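# Structural characterization, general
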Amino acid sequence: MEVKIGVQNAAREIVLESAQSADEVERAVAQALEGGSKVFTLADEHGRRVIVPAERLAYVEIGEQAVRKVGFGTI
């Protein structure tokens, strides 16, 4: 699933493919913003982690689950 993270005072957004569900990402964002955690951490499909200070989050856009197509499509 594609996740876009906007960070305050940063020119570009962070875009990554996460294996987590939309609900899991939403819970992680809510926990970071409630003050339970000082950072928002998300792992991508390759095991890399993105860590953003919770106070600097501008937005988090959660895309739909991507369905990967294999083979040739119909013409």
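Below or above, wherever it landed, is the structure these notes cover. Starting from 1, residues in each chain are numbered consecutively following that chain's sequence as written. Under the rules for a predicted model, residues below a pLDDT of 70 receive no local features and side-chain atom pairs below 80 are neither given nor counted, while totals for whole chains, interfaces and linings still include all residues. Excluded from the side-chain calculations are hydrogens and water; all other atoms, namely the structure's heavy atoms, are used.

Strand order in the open sheet formed by three strands is β2-β1-β5, and the pairing between neighbours is antiparallel. Edge positions in the sheet fall to β2 (14-17) and β5 (57-62), since each has one partner strand and no second. Between one strand axis and the next, the sheet turns through 15 degrees on average, direction left out of account. Strand pairing follows a simple DSSP-based rule, namely that at least 2 bridges must link the two strands. Secondary structure elements follow DSSP: runs of H or I no shorter than four residues count as helices, runs of E no shorter than two count as strands, and numbering proceeds from the N terminus. Here strand β1 (residues 2-7) runs beside β2; their pairing, made up of four bridges, is antiparallel. Each residue of the ladder has a partner; that of Lys4, found in β2, is Val15. Two residues qualify as a contact provided that any one of their heavy atoms is within 4.5 Å of a heavy atom in the partner residue. In this description, a line fitted to the C-alpha atoms serves as the axis of each element, helices being fitted only across the stretch in contact, and the angle between N-to-C directions of two axes falls anywhere from 0 to 180 degrees. Sheet contacts for helix α1 (residues 22-34): β1 and β5; angle to β5, the most-contacted strand, approximately 170 degrees.

Turning our attention to the pattern of salt bridges. The rule for a salt bridge is simple: a side-chain nitrogen of Lys or Arg has to be within 4 Å of a carboxyl oxygen of Asp or Glu. Here the structure, examined in full by the defined rule, presents one salt bridge. Taking the shortest distance from any N to any O, the salt bridge between Asp44 and Arg48 comes out at 3.0 Å.

Let us now look at the pairing of strand β4 (residues 49-53). Categorising residues by exposure relies on relative accessible area from a 1.4 Å probe, with only protein chains included: less than 20% of the type maximum marks a residue as buried, more than 50% marks it as exposed, and the intermediate range marks it as partly exposed. Only one face of β4 is covered, namely the face carrying Val50 and Val52; the face carrying Arg49, Ile51 and Pro53 is uncovered. Pairing geometry for strand β3 (residues 39-43) and β4, over five bridges, is antiparallel. From the neighbouring strand, Ala43 faces β4, where its bridge partner is Arg49. Between the end of β3 and the start of β4, which pair antiparallel, lie five residues, with Gly47 showing a positive phi angle near 90 degrees.

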